[in-house]
Each structure stands twice: as structure tokens, then as C-alpha cells.
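Here is what each chain is made of, one letter per residue.
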Amino acid sequence: MKDTRAAAQPIITLEKVEKYYGDYYALRGITAEIRQGEFFSLLGPSGCGKTTLLRTIAGFEELSGGRLTIDGKDMKGVPANVRPTNMVFQSYAIFPHLTVAQNVGFGLRREPLSRAEKERKVIEALDMVGLKGYGARAAHALSGGQRQRVALARALILEPKVLLLDEPLSALDKKMREQMQMELRRLQRQVGITFILVTHDQEEALIMSDRIAVMFEGQIAQLDTPQMLYRRPVSRQVAEFIGVMNFLPAKATVTDATHIEVEAAGLGRAVIDPEQLPGGWHPGETQSVGIRPETMSILFPGETTDRRVATGVVEDRAYYGDMTYYEVRLDGVEKPMTISMKNLVGRPVLERGEQARVAWDARSLVLFA
Amino acid sequence: MSDRSTGPRFGRSEAAQGYLLVATPLAYALLLLAVPLGAILLFSFWTQDYLTLDTTLTLKNYREAFTDPLYGELLLRSLLISAAVTAATVLTAFPIAYFVSFYVPPERKAMWIFLITIPFWTSYLIRVFLWKVILGYNGVFNTTLMGLGIIDEPLTFILYNVNAVVITLAHAYAPFAILPIFVALEKIDRTLLEAGRDLGEGYVMTFLRVTLPLAMPGVVAAVLIVFIPTIGDYVTPRLVGGPDGLMIANMIQTQFLKLNNAPMGAALAVLAMAMVGSVALIFIALTRRFLRAPR
């Protein structure tokens, strides 16, 4: 087991990577570094170029411009079969004419190993993905989850520098998906190989990744840790894509380097810590503020708090079992905002049309241009 | 349920309805397949002397077929010619099917397949005669080569012998081989080829380890489709085969029509059928592992 934290060397560097098909730009200048041993996710809506980027790294697509290096070597003109990457395909691409063991051992043909050593490696790889004893089975007789494990074993057995995963969990049902998320994370820590995951599921990306690149229209909108992406999204687009965020029109009233004040509709005046600002833009450009549903709470009648309090009317309510989601229209704001509350024992429930007092913190505000 | 059936009285039960449904095709199949086959089989145990048909059952025809070396030689030659035709047809069909499946843009594939079937718009006989024109002593092929100065006198080994039979039949059966191989290639998930490349294999090894095994059901089908009918072909050998290119079907025809010995012809037909059947079964047994359809 390798130490994954010590060497944060980049294993993949992307410099102004471009890919176009005729007039259509799939990738518009991607610059990023993917570190040795990290779990990296490419997150974005369909058509944002995340799969194209993965396929250029794998060597299935030629770059139209820019530079791609893997492990310090320029990948220009290097075909897929000699790149130190392996891929888990969205459809798993299990060879239907081979057994499970033959599938897993497919890439070992060129390795200078004896037949016995290869067989042992296959058994180890199957063991690692929890398919002990499945070697002799026909590949087409496997379930979706098992196919995925075979695809994983088949890629990992070659000890690639980078494992590429193209929406590997999208074909699984919810329970299986959650189980595989944890298992992939565990596997990644165990083998210490860099994983690059393509997904459109923000929750999946948040759960599994060390860092996430959020992509829109062929560009990286933000590259950050899951915590930073969630708490400090750089744009409304990123904020809307990851989790739920309420937006309120706002204006910066006082801005100098140390003291920033905004006036947000429905909430009033708030002092902002400069730490809360995304880099690269001036707080004076503020057009709106964002606030996550779970950072606010509804006070039941008589409850006091030392947090800031805004008032509004309950427009609607949705019960989720563990949570209740309220739609509350703050006084002086047109659009209702979402507030989520844990369903604690004894906490009263507000009905539609009731007055609500909403407690919030200036620290949880995010400023947007 | 059955009491409420609005169908005719005799069609009440599902089984009866089923029989009713298959009755027509069954009668059709019996009349056109089983009856003629049975007749041939029966004839082969009879004997004929000029115009009188002796209907005592005897193995005389089979004894003659096994003792006279002419028949054995004809059967063996038919087998070898068919094998050569099959090999030539499938080996040339594969690249064509591969090209259409992998390199022709999807919206043009239907047109390509359509174009491949164009030779079938004319009669088989006309196509055979066309090959005579192409391969003949003063034919297109020879005059072109002589015009180009590649040869000084016409090649004679290309018409009225086995080569001509193989060329003509390979052309005639090409679409029958191209289509099943094309269908098998079309069914291959292209990601599998990417997976093969991703796992370290180049184009050639990916072809050998992924594409070819997955296309085998089509290849096996093509081999059978070409092999089985060519062994019974008698038009092509008669027209372009010359004396050395004659096959067993020519002998069967001669027995039936010229020598007035239908029982002997029937016995030869049964033997040819048995040979084709056993060769095909052996071939299927050898390639069975490719035919298990993955689900």
C-alpha cells in the first residue's frame, strides 16, 4: 500500500486542452493538474465535455490543441494501448465471448509472467473486487454490479498510473450505487492509484472525490475540494448544480478591503468576512447572495436565538421523513426560498399560510456577481 | 373461458387453435420437402431397366456407387470444389463485410448492402455466361492482359476447368456470405474494441482477440450457406467447368435425364446429401463454441 498523501505531484497535466469536431467545440481550453493518488471527479451536465476529456486522457480522442502529459510524458501521438491508463467503461464493455477470468486477465497477455503467475494475479484481482470464485463463469451470465466489478478488476490488474471511470455507477440501482461508491473509495485508498471519475451526479462526486472539476460547456467552471465547492461556489451556475441554493438580489453597500457590507432583499444588511469571497472579483460587483437551505432554520413560536432573524410566510411544505422542506416567502421578496429542517421529536410543524421567523447567519452567505 | 370462446367449435382449446394455425404451412412443408425427399429415398432402393421400373427394394444402386470409382471420384471432387468455393467466398466476403460495417457511415450502409445484391437482379444463368465472356480464350480478361502486354498469348487455365467453377461460384454466392458476416459485425459493441485497445492490444491483436471471435457466428453461417448449395450445383460446372470441372450433380442429372436411370440418380443424390449433411455437422461440432449466443 502506497502513501497517497505524501506525494502530491501532478500525475496528469492539462494545458489549454482543446477538442473540436468541425465547428463544435467540445473542450475549450482546459487547464488543470491532477495529483498523484487522488480521487478526482469531472462533474457536469450531459454535453459539458467531461466524457470527451476522459477519452482524450485515455487516448481514444486526439487533442485538437493544447498539451496533455501523463506522468511527465507528453501524450501527443501516443495511442491508447500504450498509455499508462486503464478505463472502466460506462457499459463496462465486458467481452461476452470470454469467461470472467479471461476477461480479467485479458491485458496480461503481454506481461512477462508465467501462466501460473498470471492465474494468481487474476485470482487476486477477483478477490480484491469481491468476486472470489467467479473466474470460471461466463461473462454474459453476470448481473450489472458483477459486470462492474469485473471491469474494475480487469483495469486494476494492469496497475495503471491512472484509472479512468466513465459514469460507472449510472446503470446501477440506488442501493447498489451507494454500496459501490463506498467500495470504489475504499479500493482507491487501498491501491493508491489516481482515479478520475466522470459523473453527472453531484452527490456522487461530493461523496467520493478528493477534488472535483465542475465543467460547463467545455470549460472548467471551478476546481476545488467538495467542501469548498459546496460552501464557496464561484458562480450561480456552480451553486445551482451542486446541492440547492437560494438566491436573493443584493447590493454591496460598503466595500473596502477589510469591511464588506451587503444589503440582501428579505434579509437586510450583513457584514461579510472577506474569507467568504471567491477569488478574482471585487465585492462591489455583487448582484445577489446565495444561502443554503440547511444553514437556516425556522423558529417555532416563542423560540429565541442570537442569530439574525428574518420574517416571511410559509408557502408550502414537503415531508421527507428525516427532513421537512419549507418554501418560505420572505417579506419583500418575490420568490420563495427553500429551508430544510431536521424532523426532531417535539418540533412543531408549520402549516401553509402561517407566519414564519427564519434564523440565519451572515457567515453562510455567498456573494455572486 | 373456453365456453365463452367466440371462435369456431373445433378451435376451442388453445392446442387445437395452434394446430389449425400450423396446418397450412405444415401441409406445404410436407408436400414440398418431405414428399420429394421420401420419393428420392424410395427410388434409390429401386432399379430401372430402360423403361421398366422394378420396385423390389434392393441395395444394388448403393453397391454400384461404392464399387465404381467414378462416383467416388466425383463425390470427392465435388467436396473439394465446394470447399475451395467456400474458402474463396468467405475469405473475400469478410473484408467486404468488415469494410461496410466499420468504415461506411451508418446512413450509407443500407445503400451499400443494396448495391451488393445488384448482381442478383439478373438470372444466375446470365451471370455464368458473363463469366464465360470474361474468362474466355478471347475474353475480356485475356484481351486486357494482352493489350497491356503482360501476357503474349491467352491464358487457358482460367476457363473450362476447376478454377473457372470456383471463380464463378464464389462470385455467385458472395452476397450470401457477406450478409451474415456483416450482421455479426454490426452486432459487435464498438466499446469492446476500445476496451481491447485500452487493455494494451494494438489494432491487429484487438481484431484477433475481440472482433474475429465475436464475428464467428456470422462466419460459420456464411460457410454453411455457401458450402451446402454449391456441392449440388450443376449449371456452373456444365457451362464453365470443362471435363475436369464436372461435379456429382452433373452425374445425377445425367442419370435421371440421359441414362434413364432415376434409381441410380436417386441413390447418388442420397449419398451426396448424406455427405453434405455429415460434413456440415462435423463443421458445426467443431465451431460450436462460437455459436453459443451470449445473452
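Since we're looking at a predicted model, the values are computed, not measured.

A. Quick look at the overall build of chain B. Each helix and strand counted, chain B has 13 helices and two strands in total. The globule rule puts the C-alpha radius of gyration for 295 residues at 19 Å, and the 25 Å found for chain B is more than 25% above it. Dimensions of chain B, computed from C-alpha atoms along their principal axes, come out at roughly 75 × 65 × 35 Å. Counting every position in chain B, which comprises 295 residues, the buried fraction comes to 31%. Across chain B, contacts joining residues at least 24 apart in sequence account for 70% of those joining residues at least 6 apart.

B. View of the overall build of chain A. For chain A, the count of helices and strands is eight helices and 20 strands. For chain A, the spread of C-alpha atoms along the principal axes amounts to about 75 × 45 × 40 Å. Of all 369 residues assigned to chain A, the portion counted as buried reaches 38%. Of all intrachain contacts in chain A linking residues separated by at least 6 positions in sequence, the fraction that spans at least 24 positions is 66%.

C. Inspection of the domain arrangement of chain A at higher detail. According to the domain assignment, chain A contains domain 1 (10-231) and domain 2 (244-369). Spacing between the C-alpha centres of domain 1 of chain A and domain 2 of chain A amounts to 39 Å.

D. Up close: the sheet that holds strand S11 (residues 246-255) of chain A. Residues and elements named next belong to chain A. With antiparallel pairing, five strands are arranged side by side in an open sheet as S13-S12-S11-S14-S20. One side of each edge strand has no neighbouring strand; the edge strands of this open sheet are strand S13 (268-272) and strand S20 (366-368). On average, each strand axis in the sheet is tilted by 40 degrees relative to the strand beside it, whichever way the strands run. Here strand S12 (residues 260-264) runs beside S13; their pairing, made up of five bridges, is antiparallel. By the bridge assignment, Glu 261 is partnered in S13 with Val 271.

E. Region of interest: the interface of chain B and chain A. Of the residues lining the interface, 16 residues belong to chain B; the matching set on chain A comes to 18 residues. Elements represented by at least two residues in the side of chain B that touches chain A include exactly helix H8 (190-198) and helix H9 (203-230) of chain B. A total of six residues in the side of chain B that touches chain A trace back to one element, the largest contributor, which is H8(B). Residue composition of the side of chain B that touches chain A, by class: seven nonpolar, three polar and six charged.

F. Main features of the environment of Ile113(B). Residue and element names in this part refer to chain B. Mapping Ile 113 onto the fold places it in helix H4 (residues 106-116). Spatially, the C-alpha atom of Ile 113 lies 51 Å from that of Thr 58, the residues being 55 residues apart in sequence. Discounting chain neighbours no more than four positions away, the residues touching Ile 113 are Val 100 and Phe 182.

G. Looking closely at the pairing of strand S10 (residues 219-224) of chain A. Residue and element names in this part refer to chain A. Two elements, strand S9 (residues 211-216) and S10, share five bridges in a ladder whose sense is antiparallel. Across the sheet, the residue bridging to Phe 216 is Gln 219, located in S10. Linking S9 back to S10 in an antiparallel pair, the connection comprises two residues, with Glu 217 at a positive phi of about 45 degrees.

H. Quick look at the nonpolar core. With 161 residues, the main nonpolar core has Ala153(A), Ile196(A), Val289(A), Ile181(B) and Leu268(B) as its most contacted residues. Ranked by the residues each element gives to this core, the list is headed by helix H7 (residues 162-186) of chain B, at 15 residues. Counting the residues that make up this core, at least three belong to each of domain 1 (10-231) and domain 2 (244-369) of chain A.

I. Here's a closer look at the packing of helix H5 (residues 124-135) of chain B against H7(B). Residues and elements named next belong to chain B. With their axes 10 Å apart at the nearest point, H5 and H7 run at an angle of 135 degrees to one another. When the interaxial angle is binned, H5 and H7 end up oblique. Here the hand of the crossing between H5 and H7 comes out right-handed. Residues Tyr 124, Arg 127, Val 128, Trp 131 and Leu 135 of H5 touch H7, and the partners they reach there are Ala 164, Ile 167, Thr 168 and Ala 172. When its residues are assigned to classes, the contact of H5 with H7 shows seven nonpolar, one polar and one charged.

J. How the structure looks around the UniProt feature "transmembrane region" (unreviewed entry) in chain B. Residues given the UniProt feature "transmembrane region" (unreviewed entry) here are residues 20-46, 79-100, 112-137, 157-185, 206-228 and 266-286 of chain B. Overall, residues 206-228 of chain B shows 100% helix and 0% strand. The separation of its end C-alpha atoms is 32 Å.

Cut-off values and rules
- Residues numbered from 1 in each chain as written.
- Chains lettered and ligands numbered in written order.
- Predicted model: local features only at pLDDT ≥ 70, side-chain atom pairs only at ≥ 80, totals over all residues.
- Helix = DSSP H or I, 4+ residues; strand = E, 2+ residues; numbered from the N terminus.
- Rg over C-alpha atoms; globule rule 2.2 N^0.38 Å.
- Buried ≥ 20, exposed ≤ 12 C-beta atoms within 10 Å, placed from the backbone.
- Contact = placed C-beta atoms within 7 Å.
- Domains from an automatic or database assignment.
- Pairing = 2+ DSSP bridges.
- Axes fitted to C-alpha atoms, helices over the stretch in contact; angles between N-to-C directions.
- Nonpolar A, V, L, I, M, F, W, Y, C, P; charged D, E, K, R; others polar.
- Core = buried A, V, L, I, M, F, W, Y, C linked by C-beta atoms within 7 Å.
- Parallel < 35°, antiparallel > 145°, perpendicular 65-115°, else oblique.
- Left-handed = near helix turned anticlockwise from the far one by under 90°.
- UniProt positions renumbered as here; feature names shortened; annotations may be inferred.

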